[in-house]
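Chain by chain, the residues:
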Amino acid sequence: MKTFPIGGVHPSDNKKWSNTKAIEVMDLPDVVNVPLGQHIGAPATAKVAKGDKVLTGQLIAEASSFMSANIHSPVSGTVTAVDMQVNGQGLRQMMITIKREGDEWLPSIDRTPQLVRECTLDSAAIIAKIKDAGVVGMGGATFPTHVKLSVPPGCKAEYLIINGVECEPYLTSDHRTMLERGDELLVGVEILKRAVGVDKAVIGVENNKPDAIEHLRRLIAEKGYGVTVEPLKVQYPQGGEKQLIAAVTGRQVPPPPGLPIHVGAVVCNVSTVVAVYEAVQKNKPLIERVVTVTGKHVQSPRNLLARMGTPISKLLEKAGGLPEGDVKVINGGPMMGRAMVNLDSPVTKGCSGITVLDGDEARRGVESPCIKCAKCVAACPMGLEPYLVSKVSRRKMWDRAEQERVTDCIECGCCQYSCPANIPLLDYIRQGKQTVMGIIRARAAAAKK
Amino acid sequence: MANKFFVAPSPHVHSAQSTRSIMRDVLIAMLPALAVSTWVYGLDVLKVSAVAVVSCVVIEYLIQKFLFRGECTVSNLSAAVTGLLLAFNLPSSIPWWIVVIGSLVAIGVAKMTFGGLGRNPFNPALVGRVFLLIAYPVQMTSFPAPVVEGYADALSGATPLAAIKAGVPVEDVDLLSMFSGTIPGSLGEIAAAALIVGGIYLLWRRVITWHIPVAVLGTMAVFAFFVALADGGGARLYQLPAFHVLAGGALLGAIFMATDYVTSPMTHKGMIIYGIGIGAVTMIIRLWGAYPEGMSFAILLMNAVTPLINKYVKPVRFGLATDKK
Amino acid sequence: MTVLLSTILTLSVLGILAAVVLYFVAQKFKVEEDPRIDEVEKMLPGANCGGCGFAGCRGMADALVKNDDISTLFCPVGGGDTMKSIASYLGKAAPDKEPMVATVRCGGVCDKRPRTNTFDGAKSCAVVSSLYVGETACAYGCLGYGDCVEACVFDAIRINPETGIAEVDAEKCTACGACVKACPKNIIELRKKWPKGRAVYVGCMSKDKGAVVMKACKTGCIGCGKCEKVCAFGAITVENNLAYIDPQKCKLCRKCVNECPTGAIKLVGMDPLPKTPKAPAAKPVEGAAAKADAAKPAAAAIKGGEAGAVKAAPEAQAGSSAEKGAAEVKTACTAAAKNDSVKEQK
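(A) Quick peek at the overall build of chain B. A count of helical and extended segments in chain B gives 14 helices and one strand. A globule of 325 residues ought to have a C-alpha radius of gyration of about 20 Å, and chain B, at 21 Å, matches this closely. With the C-alpha coordinates of chain B rotated into their principal frame, the extents come out at 75 × 60 × 35 Å. Among the 325 residues that make up chain B, the fraction classed as buried is 55%. Considering only residue pairs separated by 6 or more positions, chain B has 74% of its internal contacts joining residues 24 or more positions apart.

(B) Representation of the overall build of chain A within the structure. The secondary structure content of chain A amounts to 13 helices and 17 strands. The C-alpha radius of gyration of chain A comes to 21 Å, within 12% of the 22 Å expected for a compact globule of 449 residues. By the burial criterion, 61% of the 449 residues in chain A qualify as buried. Here the contacts in chain A between residues at least 6 apart in sequence split such that 74% fall between residues at least 24 apart.

(C) Summary view of the interface of chain B and chain C. Every contact between the two is made by eight residues of chain B and, on the other side, ten residues of chain C. In terms of strand pairing, strand β1 (residues 4–7) of chain B meets strand β2 (residues 118–119) of chain C through two bridges, oriented parallel. Looking at the pairing, Val7 of chain B lines up with Phe119 of chain C of β2 of chain C.

(D) Molecular detail of the domain arrangement of chain B. All names here are of chain B. Domains assigned within chain B are domain 1 (19–140) and domain 2 (208–312). With centres defined by C-alpha atoms, the gap from domain 1 to domain 2 works out at 23 Å. Across the contact, twelve residues belong to domain 1 and eleven residues belong to domain 2. Mapped onto the side of domain 1 that touches domain 2, the elements with two or more residues apiece are α3 (78–88) and α5 (124–135).

(E) Inspection of the interface of chain B and chain A at higher detail. Facing 38 residues of chain B, the contacting portion of chain A comprises 55 residues. For the side of chain B that touches chain A, the secondary-structure elements that each account for two or more residues are β1 and α1 (19–41) of chain B. Class assignment for the residues of the side of chain B that touches chain A results in 19 nonpolar, 14 polar and five charged. Sheet topology places strand β15 (residues 326–331) of chain A next to β1 of chain B; two bridges connect them, and they run parallel. Of the residues in β1 of chain B, the one forming a bridge with Asp326 of chain A is Lys4 of chain B.

(F) Just α3 of chain B, in detail. A large share of α3 of chain B lies buried, amounting to eleven of its eleven residues. For α3 of chain B, every residue scored as buried is listed here: Ser78, Ala79, Ala80, Val81, Thr82, Gly83, Leu84, Leu85, Leu86, Ala87 and Phe88 of chain B.

(G) Layout of the sheet that holds strand β5 (residues 59–62) of chain A. Residues and elements named next belong to chain A. Across the sheet, which stays open at both edges, the three strands sit in the order β3-β5-β6 with antiparallel pairing between neighbours. Edge positions in the sheet fall to β3 (45–46) and β6 (71–72), since each has one partner strand and no second. Strand direction decides the pairing type here: β5 and β6, joined by two bridges, are antiparallel. Paired with Ala61 across the bridge in β6 is Ile71.

(H) Representation of the nonpolar core within the structure. Val273, Val276 and Leu315 of chain A are the most contacted members of the largest nonpolar core, which has 228 residues in total. Not counting residues within four places of it along the chain, the set of residues in contact with Leu315 of chain A comprises Met26, Val291, Val293, Leu304, Ala306, Thr310, Val347 and Ile354 of chain A. Within the second largest apolar cluster, 97 residues are counted, among which are Val51, Phe88, Leu202 and Ala247 of chain B.

(I) Structural detail: the environment of Glu214 of chain A. If you trace the backbone, Glu214 of chain A turns up in helix α5 (residues 210–223). The spacing of Glu214 of chain A and Thr294 of chain A is 80 residues in sequence and 25 Å in space, taken between C-alpha atoms.

(J) Focus on the domain arrangement of chain A. For chain A, the assigned domains are domain 1 (30–107 + 304–359), domain 2 (123–282) and domain 3 (375–448). One C-alpha centre belongs to domain 1 of chain A, the other to domain 3 of chain A, and the line joining them spans 31 Å.

(K) Focus on the packing of helix α2 (residues 35–43) of chain C against helix α4 (residues 79–90) of chain C. All names here are of chain C. At a closest axis distance of 10 Å, the pairing of α2 and α4 adopts a crossing angle of 160 degrees. Considered as vectors, α2 and α4 are oriented roughly antiparallel to each other. As for how α2 packs across α4, the hand of that crossing is right-handed. Contact with α2, carried on its side by Arg36, Glu39, Val40 and Met43, involves Thr82, Ser85, Ile86, Tyr89 and Leu90 of α4 and no other residues of that element. Classifying every residue of the contact of α2 with α4 gives five nonpolar, two polar and two charged.

(L) Expanded view of the sheet that holds strand β2 (residues 31–35) of chain A. All names here are of chain A. Strands sit in the order β2-β8-β7-β4 across an open sheet of four strands; the sheet is antiparallel. Each end of this open sheet is capped by a strand with a single partner; those strands are β2 and β4 (53–54). In the sheet, β2 pairs with strand β8 (residues 92–100) via five bridges, with the strands oriented antiparallel. Within the sheet, the bridge partner assigned to Val34 lies in β8 and is Ile96.

(M) Summary view of unusual backbone geometry. All names here are of chain A. Here the bond from Tyr236 into Pro237 is cis, since omega is 0 degrees, no more than 30 degrees from zero. Pro257 follows Pro256 through a cis peptide bond whose omega is 5 degrees. Tracing the chain through its elements places Pro257 in the loop between α6 (241–249) and β12 (265–269). The backbone of Asn283 sits at a positive phi, close to 60 degrees, despite the residue not being glycine. Position of Asn283 relative to the elements: it lies in the loop between α7 (270–282) and β13 (288–294).

(N) Main features of the pairing of β5 of chain A. Where β3 of chain A meets β5 of chain A, two bridges bridge the pair, whose relative direction is antiparallel. Its bridge partner being in β5 of chain A, Thr45 of chain A is matched across the sheet by Glu62 of chain A.

(O) The environment of Ala61 of chain A, seen in detail. Residues and elements named next belong to chain A. Structurally, the position occupied by Ala61 is in strand β5. Residue classification places Ala61 among the buried residues on the basis of 27 C-beta atoms within 10 Å. Between the C-alpha atom of Ala61 and that of Ile96, which follows or precedes it by 35 residues, the distance is 8.9 Å. Ala61 has contacts with Leu36, Ala44, Thr45, Ala46, Lys47, Asn70, Ile71 and Ile96, leaving out every residue within four places of it along the chain.

Rules of the game
Residues numbered from 1 in each chain as written. Chains lettered and ligands numbered in written order. Predicted model: local features only at pLDDT ≥ 70, side-chain atom pairs only at ≥ 80, totals over all residues. Helix = DSSP H or I, 4+ residues; strand = E, 2+ residues; numbered from the N terminus. Rg over C-alpha atoms; globule rule 2.2 N^0.38 Å. Buried ≥ 20, exposed ≤ 12 C-beta atoms within 10 Å, placed from the backbone. Contact = placed C-beta atoms within 7 Å. Pairing = 2+ DSSP bridges. Domains from an automatic or database assignment. Nonpolar A, V, L, I, M, F, W, Y, C, P; charged D, E, K, R; others polar. Core = buried A, V, L, I, M, F, W, Y, C linked by C-beta atoms within 7 Å. Axes fitted to C-alpha atoms, helices over the stretch in contact; angles between N-to-C directions. Parallel < 35°, antiparallel > 145°, perpendicular 65-115°, else oblique. Left-handed = near helix turned anticlockwise from the far one by under 90°.

This is the structure we're talking about:
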């Protein structure tokens, strides 16, 4: 069975808490806060002002550049504010606040459950529709999908790889999507094949989801979709774009500024593909997503289909509230998710799950001296030496950090996961990476002049 | 809400391994060899081991408490591991005060002078052993005969390696008793089978990887094979490699000493280079050197090379390797 | 005997050979350098702090010798005296800069700014600020992990374990600016150094609206603008819900201090004005202004004036920090709270 070539770890997947729970539609919130920056790139520009009436699915903020994405109203009602609000990390962010009044959708959106398989649009039209609908990568990276699909000149896409790996422990939203929305997913894959002009499409699914693999294979056999399912050996971080490409095709994406397209691959997450299907076939913008609310001591873990902007605290309430005592609430999974301080912050396009760690799991272990056990080196999927990169970053030796390829780091967390001395390796590496990227950008800007 | 919120950058989960659990696993892995040794040499073995472990732990505690005036980290068991490893390198008949001196050198000189755990360039237990070997050569090289019943006194108190050095042909050595441990030698090095069991345990617990032990033992075996070949071959072609892998501190060194995290390289490639170096230097000392055994010296020598290996041997970077397909 | 002789002979020959080789090598790689650079380097403080913008004192010395116009070069550590003596040595015009001191513009001590969560990662302000808001609800205040402390080579800044925020020792501070660069929240500012450690500044960086500030911190600037109105010198501006006192215009009249409803304007080294300001309030203003003028290190009076100020500073600073401690510290929250987040190693 295939997997990626270097490094990797095996955290316990903890998916059993929610992987049998069917997707439920979350109650509509009374007030939504829709951030203007829900994606990588420039935040969108607000198109509504205080007092405006909006319909569900109506454009409320427009992509401000190519590397940006449209944002649509997740509910119908009145805009009460376009102002700075506190986000999940406690930082201030521009958000549009809408008070919900009913749920009246834009008439152009097809809300029937009917599967529409026929698609005769050409590539440019498909990408335009995806762009209009504000679809971004829903695996967590929130890279605008229309940018990803626009193959740059000189490159040729050969593989369309659909990311159904969901290697993050705890999360099951993609798993449930594959099980419950298989047809939409597969039609979406066919649309994407048209969009990027490839004939090979592979859905990579880790072997710990045999039901999803089997379900998709049966649908493909029954209805003749032009796609194959590739079971992958369970190993974190297989869902990383570069790792998935290596696992499926055996090709390694060169280090930055290398892109997947340079080895002929375009990767999309399964939830994104479903959103693409809805955008292209149903004219439905990206205004809701499946969010796994889970944790060992969460009373009733669930997979909830929630509108963007719904306060996360409402989702937690639905799942039975937080356990007592020390907790860490994570937006995303425990390997790459972000810990939250403000639970009233909204669900956004990249929010694949809310993981609640409690008790001892909420805290980190005490740091002790590095014993040079080399476990981080063995675990790094990028072939770096985390102990060294972290040390030079901690000492602010940026030149050395650059030499040691700190910019290759994908921040998967394998090094820190495996460190027996509990050294916050990634904390410093991330810092070093950000600083070195800044230095490189400044150098490039200076060179241009 | 009565919750106390914690925040940290990702990752938020951690593997079950900690420094302490690793050290505990190493101690557990040494127990079979300790048991066999006790069976072969009697309770002296436990006495020497206890003195070494206790003195190492106490010395580390005292240094941290009164010289460093810092946190005491003896609870991570690394001093206990050093102590037991030191004991494994001593004859069971050694006086207790020599053991304490060895501990003092191992912990005080080889480990704490460099800043404690993780900073020592040389394996502390081996520094202790080599110091004792040079300071007390008589006590360090007079091994008691095994007290176990049925011990054939063929080698009369000399270790197999010393016997070979003295001119005993390798054909006369009983490989089976070397495997089971009923031979004279340092208390931890005699029981080849038990050491292998410990090694398998460490591999299973993912405390060590196969690279260093296999590289060390493989190099020794291949080296011995070619020496036998140059000598005219025959039955020696397999006897000599087997002898060298089982004799002296080869297994103890390859599995427990050379794999010491702090003093071994960080990459798998580096580990193999390091292992080959240890194997080759050991064989050179054994065959042509003044000492019958060269494992300690070989490991210490390669410890010194480790920083250099770390500097020049880098892991395979993702995306920079040539396309496989 | 022959052995001894031959040994001596061989070694002598080897020695001579080596000497010859060394001589030629030294000649070949000899670097011609202006001897004045060495002299100037000796005159510099030798802290290699980088406060001048060069990597170390050697680089600064090099630039001082080579540039004709050294008015843009300044050693904040040595100060005006050092620059003057170097300038006179080199026969160039001395740059003149008034003494500055690093000022931490945050008053969010523990009991004023409640903690809302516990941070458990690498103890570095840069790491924290790139991740999230910090342990309190204020997104602008001091994080208290001491990146500035690490950056300071003069041991002039520390995190007060009782307040959880950074504190500058005005006596030791050389205004090299390392902490200013190190602070990811841009809280530290180099402000004009008044004699006796006196200072009036806005101890808040929050650009949030008043209500949000009040929620996060009881002593934050809410941008009410009262200080702006009361200031007779036009030194105070309120922008983005945040007041700023221009250190060049401020005369330490302290009117704003009494006006501030949240105590965001900090007063150091001086007694506040009486609570009910009467007409003669102008008197202390004049007095302060006059004093300040007198102490202002004009180029002519630089030596005497500054030496006095530096000498006076220790007592004043010690006193003021003690006062500050007594007034503001009510709970020793940080140290205790930080420790209890520590998890026992399994």
